[in-house]
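Coordinates in review
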Amino acid sequence: MSARIRVLLVDDHALLRAGFRTILETQPDIAVVGEASTGAEAVTKASALRPDVITMDVQMPDMDGIEATRRLVADPTVRSAIAIVTTFDRDDYLFQALDAGASGFLLKNAGAEDLIAAVRALAAGDGMLAPEVTRRVLARFANPAPSPDVPHASRTRERGESALIEPLTDREADVLALLADARSNAEIARALFIGEATVKTHVSRILQKLGARDRVQAVVLAHRLGLAENPGRPPR
């Protein structure tokens, strides 16, 4: 049997953590290795436990989930994928979480199957956004007016990010454009008449060239740099 997905649960409500643990531990490929009730505790425990996936609440004492996510993503010794799981369906939380480096965004009213799917997707490096969230992300990047939801640092940093990109092949550009349209691997394979294994290979190379942690970050970066509209080459 392959190693199980190691999960750290972060939420200041013990009953909610217990519910998440019960849901996840019904799955033979998932193990909850720890819990934290504050952002500061999450940072400490993530460093010690090295989970594959962290489910992160937003509003917590001591340090909120956005700041905890930012610190964990900046720590080169922590390679956990982070899913923000919150009660509040707010654009400021969504875009601040993505800017901080979260790989997923899920609402607490999601079903048990959605939580399990999110953990598996993040562990596989795929990222996970709730469908209604995906639509808002795409709408925001389609109309990229300055907004207080997106920190100023994100907007000013964009000019330097293009220097990190290697040119994409034509096929990689096609795959990236479909990724930016929120297509799954299966949908990309059908659209391009290639196998899903080939799509996964292209996605891996795209992530490497973009310096992105996962598909969600690749899509965000592609839209910031205009690669979703003209994905073959970095902007001049």
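Everything quoted here is computed from the prediction, not taken from an experiment.

Rules and cut-offs
- What you see as residue numbers is a count from 1 along each chain, following the sequence as written.
- Note on the predicted model: pLDDT of at least 70 is required for a residue's local features to be given, and 80 or more for side-chain atom pairs to be given and counted; whole-chain, interface and lining totals, by contrast, use all residues.
- Neither water nor hydrogens contribute to the side-chain values; these are computed over all heavy atoms in the structure.
- In predicted models, pLDDT denotes the confidence assigned by the predictor to each residue on a 0 to 100 scale.
- In this description a helix means any DSSP run of H or I spanning at least four residues, a strand means any run of E spanning at least two, and both kinds are numbered starting from the N terminus.
- The contact criterion used is simple: two residues touch if any of their non-hydrogen atoms lie within 4.5 Å.
- The aromatic pairing rule takes the rings of Phe, Tyr and Trp, using the six-membered ring of Trp, and pairs them if the centres are within 6.5 Å, calling planes under 30 degrees apart stacked, those over 60 edge-to-face and the rest tilted.
- Residue burial is assigned from relative accessible area. The probe radius is 1.4 Å, only protein chains are included, and a residue is buried under 20% of its type maximum, exposed over 50%, and partly exposed in between.
- In this scheme, Lys NZ or Arg CZ marks a charge over a ring once it lies within 6 Å of the ring centre and within 35 degrees of the ring normal.
- Two strands make a pair as long as DSSP finds a minimum of two bridges between them.
- Lines fitted to C-alpha atoms define the axes here, with helix axes fitted over just the stretch in contact, and angles between the N-to-C directions of these axes take values from 0 to 180 degrees.
- Joining through side-chain atoms within 4.5 Å is the link that ties buried Ala, Val, Leu, Ile, Met, Phe, Trp, Tyr and Cys residues into a set, and such a set is a nonpolar core.
- The length a helix should cover is 1.5 Å for every residue beyond the first.
- To be clear, the arc concerns the directions from the helix axis to the C-beta atoms.
- Whether a crossover is right-handed comes down to one check: with the strands pointing away from the viewer, does the path from the first strand over the helix to the second run clockwise; if it does, it is right-handed.

**Section: the confidence of the model for the chain**
- Summarising the model, the chain shows a mean pLDDT of 82, and 82% of its residues fall at 70 or more.
- Per-element averaging of pLDDT across the chain places helix α7 (residues 152-161) at the bottom with 40 and strand β1 (residues 5-10) at the top with 98.
- Contacts for the low-pLDDT stretch residues 146-164, under 50 throughout, to residues beyond four places or in other chains number 26 contacts.
- Taken as a whole, residues 230-236 scores under 50 in pLDDT and shows 14 contacts with residues more than four places along the chain or in a different chain.

**Remarks on the packing of aromatic side chains**
- Scanning the model with the defined rule gives 1 aromatic pair in all.
- Here the aromatic rings of Phe88 and Tyr93 are separated by 6.2 Å at their centres, their planes lie at 80°, and the arrangement is edge-to-face.
- Owing to a relative accessible area of 9%, Tyr93 belongs among the buried residues under this scheme.
- Seen from the ring of Tyr93, Arg90 lies directly overhead, with NZ or CZ sitting 4.1 Å from the centre.

**Points about the sheet that holds strand β4 (residues 81-86)**
- Taken together, 6 strands build an open sheet; the order of strands is β2-β1-β3-β4-β5-β6 and the sheet is parallel. In this open sheet, the two strands that pair with only one neighbour each are β2 (30-36) and β6 (128-129).
- Relative to β4, strand β3 (residues 53-56) runs parallel, the two being bridged by 4 bridges. By the bridge assignment, Val53 is partnered in β4 with Ala81.
- The strands that helix α2 (residues 39-49) touches are β1, β2 and β3; relative to β2, the one it contacts most, it runs at about 140°.

**Focus: unusual backbone geometry**
- A positive phi is found at Arg50, a non-glycine position, where the angle reads about 50°.
- With respect to the helices and strands, the residue Arg50 is situated in the loop between α2 and β3.

**Considerations on the environment of Arg21**
- With respect to the helices and strands, the residue Arg21 is situated in helix α1 (residues 14-24).
- In the structure, Arg21 is positioned 13 residues away from Leu8 in sequence and 9.5 Å away in space, judged by C-alpha atoms.
- Non-local contacts of Arg21, meaning those with residues more than four positions away in its chain, are made with Leu9, Val32, Gly34 and Glu35.

**Considering the nonpolar core**
- Val10, Ile54, Met56 and Phe105 are the most contacted members of the largest nonpolar core, which has 31 residues in total.
- Ranked by residue count, the leading element in this core is helix α4 (residues 91-100), at 6 residues.
- Counting 20 residues, the second-largest nonpolar core is a separate cluster that includes Leu178, Ile188, Leu221 and Leu227.

**Some words on helix α10 (residues 196-210)**
- Under the 1.5 Å per step criterion, the end-to-end length of α10 is 21 Å for 15 residues, consistent within 8% with the ideal 21 Å.
- Taken residue by residue, α10 has Val199, His202, Val203, Ile206, Leu207, Lys209 and Leu210 as its buried positions. Down the axis of α10, the sector holding all buried residues measures 165°, keeping them to one side. Pointing more than 90 degrees away from the buried face of α10 are the exposed residues Ala197 and Gln208.
- Two residues or fewer after α10 comes Gly211, characterised by a positive phi angle close to 65°.

**Re the pairing of β1**
- Judged by how many residues are buried, β1 sits mostly within the fold: 5 of 6 residues are covered.
- Inspection of the sheet shows β1 paired to β2 by 6 bridges, in the parallel sense. The partner of Val7 across the bridge, within β2, is Val32.
- Crossover β1 to β2 through α1 is right-handed.

**Thoughts on the pairing of β3**
- Along β3, one buried face is formed by Val53 and Thr55 and the opposite face, lined by Ile54 and Met56, is buried too.
- Sheet topology note: the β1/β3 ladder contains 4 bridges and is parallel. Across the sheet, residue Leu8 finds its bridge partner in β3, namely Ile54.
- The parallel pair β3 and β4, bridged by helix α3 (residues 65-74), forms a crossover whose chirality is right-handed.

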